[in-house]
Amino acid sequence: MAGRGWRPAAAAAAIGAARPGGAGPGRGPGSGPASEPAPAPVPEPAAPATAALYVHWPYCRKRCSYCNFNKYMVPAVDEAAMRACLVREARTLLRLSQVQSVTSVFFGGGTPSLASPRTIAAVLEAVAGAAHLPDGAEVTLEANPSSAGTPRLAGFKAAGVNRLSVGVQSLDDAELRLLGREHTAAEARGAVEAARGLFPGRTSIDLLFGVPGQSRGAWARGLEAALGLCDHHVSLYQLTLERGTALAAQVWGGALPTPSQDLLADMYQTARAALVAAGFRHYEVSNFARKGARSTHNLSYWQAEQYIGVGPGAHGRFVLRGEGGRSREARVQTLEPDAWMREVQSRGHGTRRRVVLSPLEQLEEVLALGLRTDEGVTHERWGHFSPHLSLEAIFGAPGEAKALQQQGWLVLDGGGLRCTWEGLALLDSLLPALLCQLQHRWALPAVPAHPAQGAAPGRGSGAPRRSPTGDRAGGEAAGHAGVVSGSSVE
Amino acid sequence: MALAGRTAMRWARLRSPCPAATPLCLPPWLPTGPRACQRLCSSRGKEKLDMSTYPVESIRNFSIIAHVDHGKSTLADRLLEITGTIAKTHHNKQVLDKLQVERERGITVKAQSASLFYSHEGANYLLNLIDTPGHVDFSYEVSRSLSACQGVLLVVDANEGIQAQTVANFYLAFEAQLAIIPVINKIDLKNADPERVEKQIEKLFDIPIDECVRISAKQGTNVEKVLQKVIEKIPPPQCNTADPLKALVFDSTFDHYRGVIANIALFGGEIQKGHKVVSAHTKKRYEVNEVGILTPNEQPTHKLYAGQVGYLIAGMKEVTEAQIGDTLFLYKQPVEPLPGFKSAKPMVFAGMYPVDQTEYNNLKSALERLTLNDSSVTVHRDSSLALGAGWRLGFLGLLHMEVFNQRLEQEYNMSVIVTAPTVPYKAVLSSAKLIKEYRKAEITIINPAQFPDKLSVSEYLEPTVLGTIVTPQEYIGKIIALCQDRRAVQKDMLYIDERRVILKYLFPLNEIVVDFYDALKSLSSGYASFDYEDAGYQAADLIKMDILLNGNPVEELATIIHKLKAYRKNVVAKCYGGDITRRMKLLKRQAEGKKLMRKIGNVEVPRDAFIRVLKRQTDK
């Protein structure tokens, strides 16, 4: 693979001059500048910024009965055009974000294992050309067992992929048929074995539970089989019936049974217990890892890091430093592949929607996503987004959060705010109350409620109580006024 | 409840309220003038009609059913005019809606009937139009009226299309195996789109497009065609004058001078003054004083024959004697009684007290008179430390309650205190002592003050209804959120055309009795419509909320609320980059819902429970 050394984007120097300093520390999980050798030339801004990068391959060969993702079945994919567009868009977004180091890359879909290794390599080269892609950075590819033979996987490895996520879903042929998968259980086993051979310790499998008609026993047996097959990472999903899918139509039409909520909860608990007994850490609501094999890319989402989404329908969360932006934006790319490609070709980018996230909205995401992990929301990360209103000030006060702590579902201590083992299974029910409390506290007039931070006295009365925190903590250092409007597209 | 206003509303307000004792057949707010007066007085003045000239084959018994404000009463007015039943004047607005409250609100509460005489292709026909109420609360009355019919006109607004009540009414008629003639009304309106409505009717009801009649009842366009369709499509009743008398009581009214006037449909035989008839239900015997037809006022006839619809006066003193659904037969000639109608079941209860206890007796007599005409209201004596002696009344629904209170005020000049409405909960008792006390294991609780404690109950049950919502698709998201907030379970969802969706939800009744309809209307800018039907009881986690004053519970302020299962197990959904926006949206919506709850102890109390308790109207 081509050089991964950091190279400044062509436009960086020109735009860089217009931007004031004051960026916070890079917080790349495991691969940030603190643990990596510092990239050589650092233009303005002085501090590096990091982001995870997601690349969406929108095509599938066959529609799965349960899937409502953004995917398209086309007779002939114009791969060269798609490749060129992915490359171009990756460059555009890296330039706009002025990200200096990409902490991880994830190829999702669709079925990205249907793309040729050449496309994967081209995108990775573009990334490495526009920003620093550290040598050890996690590069994951989602693979479908029907397109994951050893030669193909070896091609991906050569292209720069170093982690594989195999969509096993089930090891029961009848269930796989019901799910509309185009592979058998035997093919899934073959694919996992091939992947483990090439990516030892870096292979993940996806499993689905709650398939219509699936019994507790069948799930327990399936899980046991999966444990015998898997590497050090397992993602566990409850089958969600999505509107517009064939499976949902069958279930709602009464042709298939609906698993009861209690059964689903039982299945989840069974799986948690079995995986933990097998040495896995339940590090996120639906993810398990052992021997430190957590997915750094996905952790970036839950830890509210910046991420850039490239490809049809891909989402992103980042600050547009390239435009002098200071606030984090939620961005979505055009959904339909042909339209997306046309836009990239004609306008140089395929971003369809940009919304500036308010400081409160960012905190809501930090909370809702952070609590999905076993580490929860640390004081440090919270302080990064909310320098003046601590976790204690919001969730330590009497209120619902306190009651949840007394119930034994939530913990607020020196580490931060997190769910207990029992609480993690109830998270969706806890979050509305916590969000409510956050919103309520946020709306209160400025009072020196937490003198520990000593924030109140020093502030001018006219200044906003909380500085808008983009990705840079303590944004008060820069009196920059330019805020990107939420409506226009660059 | 929010109901569409009408011109009649403004018009009616100009008239003074009706004094208490005025007989219902002579309302002073009806149009005055020589013609109208002649019509109104006709029941005494004219010669008795001979109904034998209308054999069964020439009779058509039909109803008009429609969603509220789709023009049912206007079409009835036109039909009455065309057939010469009433004079054609500009004042004919909702002629069959006799109650002041009906005219004010533009709704029909009490079903009325009218016999129309019509010539078609050289033959004379007797068309009996049985008007029906047009609101969710009164579907019971609709079913009453329908069982005397062989067909219906299903009126749909050409602009609004099929609405929730259109669906409910269609199924009532369909299940009763009646001939259904779709009538698309208001084609004169600027935004009328009859083609779209015809397609909806075809898709939803499986009625061919060419069977729809497009009309403008307001302008009279094509109304004649409706009458022709009635004759062609609706079968005559299947019965025989030679058979023994079999008469169905499908409604009754009370006249202060003449006693009970029972509306009857003859399913066999004939009836005339002097006949001795027996009620199959009460076994009581009566002598017939008068029979006749309604035009729409009582018009005496010599006789009524099989297949005909009319009224009977036979010395019945109370409306309860003319039980809806009862069968009358000739003394000593018993017949197999007709299957009874669905009986009215109160769905909403509220306490009613006189503002001033010295008014107790006046209120009592007003209640007695009003319930004489509205047997669907149940009355239980009740008393309260704070409010004194009063009653606990059961109504078919909230509108019914409002209408009743309004009538109490308008027709009897009564001011009352009405407590917060509740629904009838049930409790399955586990305490032997209580079972002995109540003499049964399952009790119905209509007063929160009598709510038995959890310790002596093995299970609480709450009433549920199957709600039908028809809405333009752009409001689906908000409506689904509203329904979920109201603990409803989705049962069905169907697009009736590209723009409109029909949703079916199972609701706990208490979630919709207070303000659901208003909330639905406001979040859909008035475009969504709602109807519901009884769906039995389901187990519920209920708790009595007491309000303490100086540490003592005030019984009148107690309400029963649902103890939410606040913490449910998760759906273990993935949440990666692309899922975050959607996830946050959902969570924030749930957080919004949470803001409307007050947590007390371990119970989440809907915030409006307090408002509901505190918002008592005095002197409404």
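What counts and how
- Counting restarts for each chain, with residues numbered from 1 along the sequence as it is written.
- Naming scheme: in the order in which they are written, chains are lettered from A and ligands are numbered from 1.
- Where totals are concerned, whole chains, interfaces and linings use all residues; where local detail is concerned, this predicted model gives features only for residues with pLDDT of at least 70, and gives and counts side-chain atom pairs only at 80 or more.
- The basis for every side-chain value is the complete set of heavy atoms in the structure, and neither hydrogens nor water enter the calculation.
- Here a helix means four or more residues in a row that DSSP labels H or I, a strand means two or more in a row labelled E, and each is numbered from the N terminus.
- The buried label applies to any residue whose accessible area, calculated with a 1.4 Å probe on protein chains only, is under 20% of its type's maximum; exposed applies above 50%, and partly exposed to all values in between.
- Any two residues having at least one pair of non-hydrogen atoms within 4.5 Å are treated as being in contact.
- All accessible-area figures derive from a Shrake-Rupley calculation using a 1.4 Å probe, and residue coverage is judged against the displayed protein chains alone.
- Definition used for salt bridges: Asp or Glu carboxyl oxygen within 4 Å of a side-chain nitrogen of Lys or Arg.
- Throughout this description, a polar contact denotes any pair of N or O atoms lying within 3.5 Å of each other; where both atoms belong to protein, one of them has to be capable of donating a hydrogen while the other can accept it, and for residues adjacent in sequence the pair is counted only when both atoms sit in side chains.
- Here the rule is simple: two strands pair whenever DSSP picks up at least two bridges between them.
- Throughout, an axis means a line fitted to C-alpha atoms (over the contacting stretch in the case of helices), and angles, computed between N-to-C directions, take values from 0 to 180 degrees.
- What is meant by a nonpolar core is a set of buried Ala, Val, Leu, Ile, Met, Phe, Trp, Tyr and Cys residues, joined one to another through side-chain atoms within 4.5 Å.
- Criterion for a disulfide: a pair of cysteine sulfur atoms at a distance within 2.5 Å.
- Pairs were defined over the aromatic rings of Phe, Tyr and Trp, the Trp ring being its six-membered one, requiring ring centres within 6.5 Å. Orientation was assigned from the angle between planes: stacked under 30 degrees, edge-to-face over 60, tilted for the rest.
- Note on geometry: a ring has a charge over it if NZ (lysine) or CZ (arginine) is within 6 Å of the ring centre and within 35 degrees of the ring normal.
- Helix span, expected: 1.5 Å multiplied by one less than the number of residues in the helix.
- For every residue, the predictor states its confidence as a pLDDT score lying anywhere from 0 to 100.

### Re the overall build of chain B
A tally of helices and strands in chain B yields 16 helices and 33 strands. Every one of the 620 residues in chain B was classed for burial, and the buried ones make up 58%. The contacts in chain B between residues at least 6 apart in sequence include a share of 71% that link residues at least 24 apart. Summed over its atoms, the accessible surface of chain B is roughly 26,500 Å², and 51% of this surface lies on carbon and sulfur atoms.

### Overview of the overall build of chain A
When helices and strands are tallied, chain A shows 17 helices and 15 strands. Sequence separation of at least 24 residues holds for 73% of the intrachain contacts in chain A that already meet a minimum separation of 6. Looking at chain A as shown, the accessible area adds up to about 18,100 Å², and 56% of this sits on carbon and sulfur atoms.

### Details of the interface of chain A and chain B
Much of the literature gives interface size as the accessible area that the parts lose upon coming together. Each partner contributes to the interface: chain A provides 45 residues, whereas chain B provides 30 residues. Between the two partners, chain A and chain B, sit three salt bridges. Residue Arg583 of chain B is joined to Asp428 of chain A by a salt bridge in which the shortest nitrogen-to-oxygen separation is 3.9 Å. One can count six residue pairs in polar contact (both at pLDDT 80 or more) joining chain A with chain B. At the level of elements, strand E6 (233–238), helix H9 (261–277), helix H10 (296–302), strand E10 (315–319), helix H12 (359–370), helix H15 (400–407) and helix H17 (427–443) of chain A are the ones that each hand at least two residues to the side of chain A that touches chain B. Tallying contributions element by element places H17 of chain A first for the side of chain A that touches chain B, with 10 residues.

### Overview of the sheet that holds strand E3 (residues 123–130) of chain B
Residue and element names in this part refer to chain B. Spatially, six strands are ordered E2-E3-E1-E4-E5-E6 in an open sheet, and the strand pairing comes out mixed. What marks the edges here is a single partner per strand, and that holds for strand E2 (113–120) and strand E6 (213–214). As paired strands, strand E4 (residues 151–157) and strand E5 (residues 179–185) are joined by seven bridges and run parallel to one another. Residue Val152 lies in a different strand from E5, and its bridge partner there is Ile180. Packed on one face of the sheet, helix H6 (residues 164–175) meets strand E1 (59–66), E4 and E5 and runs near 155° to E1. Contacts from helix H7 (residues 194–205) reach E4, E5 and E6 within the one sheet, and its direction differs from that of E5 by about 155°.

### Some remarks on unusual backbone geometry
In this structure, the amide linkage connecting Gly109 of chain A to the following residue, Gly110 of chain A, adopts the cis form with an omega of 25°. Here Gly110 of chain A is to be found in the loop between strand E2 (101–109) and helix H3 (117–130). Here the phi dihedral of Gln169 of chain A falls at roughly 65°; this positive angle occurs in a residue that is not glycine. Structurally, the position occupied by Gln169 of chain A is in strand E4 (residues 163–169). Located in the positive-phi region is Glu121 of chain B, a residue other than glycine, with phi close to 50°. Looking at where Glu121 of chain B falls in the secondary structure, it is placed in the loop between E2 and E3.

### Some words on the pattern of salt bridges
Taken as a whole and assessed by the stated rule, the structure comprises 31 salt bridges over all chains. In this structure, the salt-bridge partner of Glu198 of chain B is Arg214 of chain B, at a minimum N-O distance of 2.8 Å. Linking Glu198 of chain B in helix H7 with Arg214 of chain B in strand E6, this pair joins segments that are 16 residues apart in sequence. Given the relative accessible area of 7%, Glu198 of chain B is considered buried. By relative accessible area, Arg214 of chain B is classed as partly exposed at 30%. Here Glu462 of chain B makes a salt bridge to Arg487 of chain B, at a shortest N to O gap of 2.9 Å. Of this pair, Glu462 of chain B sits in strand E23 (residues 457–472) while Arg487 of chain B sits in the loop between helix H12 (476–485) and strand E24 (489–495), placing them 25 residues apart in sequence. The same class applies to Glu462 of chain B and to Arg487 of chain B, which are both buried. Here the residues in one salt-bridge network are Arg281, Arg294, Asp374 and Glu375 of chain A, joined through shared partners.

### Let's talk about the nonpolar core
Within the largest apolar cluster, 136 residues are counted, with the highest numbers of intra-cluster contacts made by Trp382 and Phe395 of chain A. Apart from residues no more than four positions distant in its own chain, Phe395 of chain A is found in contact with Leu367, Trp382, Ala401, Lys402, Gln405, Leu412, Leu417, Leu434, Gln437 and Leu438 of chain A. Leu367, Phe395, Ile480 and Phe507 of chain B belong to the second largest nonpolar core, which has 58 residues in total.

### Section: the state of the cysteines
Residues and elements named next belong to chain A. The full count for this structure, using the stated rule, is zero disulfides over all chains. Counting only cysteine sulfurs, Cys64 is the nearest neighbor of Cys67, a cysteine outside any disulfide, at a range of 6.1 Å. Cys67 sits in the buried class, given a relative accessible area of 18%.

### A short note on the pairing of E24 of chain B
Residues and elements named next belong to chain B. Sheet topology places E24 next to strand E25 (residues 500–508); six bridges connect them, and they run antiparallel. Opposite Asp492, over in E25, you have Lys504 as the bridge partner. In textbook terms, the turn of a hairpin is the stretch between consecutive antiparallel strands, and for E24 and E25 this stretch comprises four residues.

### Some thoughts on the packing of aromatic side chains
Tallying each qualifying case throughout the model produces 23 aromatic pairs over all chains. Geometrically, the ring pair formed by Phe209 of chain A and Trp219 of chain A is tilted, given 5.3 Å between the ring centres and 35° between the ring planes. Placement of the pair is Phe209 of chain A in strand E5 (residues 203–209) and Trp219 of chain A in helix H7 (residues 216–229), with a sequence separation of 10 residues. On the basis of relative accessible area, Trp219 of chain A is assigned to the buried category, the value being 3%. With a centroid separation of 5.8 Å and 35° between ring planes, the pair formed by Trp302 of chain A and Tyr576 of chain B is classed as tilted. Linking Trp302 of chain A in helix H10 with Tyr576 of chain B in the loop between strand E30 (559–562) and helix H15 (580–595), this pair reaches from one chain into another. As far as burial versus exposure is concerned, Trp302 of chain A and Tyr576 of chain B are alike and both buried. Cluster of aromatic residues (ring-pair linked, three or more members): Tyr237, Tyr283, Tyr301, Trp302 and Tyr307 of chain A together with Tyr576 of chain B. Sitting over the face of the ring of Tyr331 of chain B, Arg285 of chain B holds its NZ or CZ atom 4.2 Å from the ring centroid. It is Lys426 of chain B that lies over the ring of Tyr537 of chain B; its NZ or CZ is 4.2 Å from the centre.

### Section: H7 of chain B
Since there are 3.6 residues in each turn of an α-helix, residues three or four apart along the chain are aligned in direction. Residues and elements named next belong to chain B. Between its first and last C-alpha atoms H7 spans 16 Å; for 12 residues at 1.5 Å apiece the expected length is 16 Å, and the two agree. Buried within H7 we find Pro194, Arg196, Val197, Glu198, Gln200, Ile201, Leu204 and Phe205. On its buried side, H7 packs onto E4, H6, E5, E6, E24 and E25. Two residues or fewer after H7 comes Asp206, characterised by a positive phi angle close to 65°.

### A word on the confidence of the model for chain B
All names here are of chain B. Here chain B averages 78 in pLDDT, and 78% of its residues register 70 or above. Model confidence for chain B, summarised as mean pLDDT per element, is weakest for helix H1 (residues 7–13) at 27 and strongest for E6 at 96. Ignoring residues within four places in sequence, the model shows residues 1–45, a span with pLDDT below 50, making 72 contacts including any to other chains. pLDDT under 50 marks residues 614–620. Its contacts with residues more than four places away, or in other chains, come to 17 contacts. This complex was scored by the predictor with a pTM of 0.52 and an ipTM of 0.78.

### Brief notes about the sheet that holds strand E11 (residues 285–287) of chain B
Residues and elements named next belong to chain B. One open sheet holds the eight strands; their spatial order is E11-E10-E16-E7-E8-E15-E12-E13, and the pairing between them is antiparallel. Across the chains shown, the open sheet's two edge strands, defined by having one partner strand only, are E11 and strand E13 (298–301). For this sheet the average axis-to-axis angle between neighbouring strands, irrespective of direction, equals 40°. Direction of pairing for strand E7 (residues 246–255) relative to strand E16 (residues 327–330): antiparallel, over a ladder of two bridges. Among the inter-strand pairings, Ala247 is bridged to a residue of E16, identified as Leu328.

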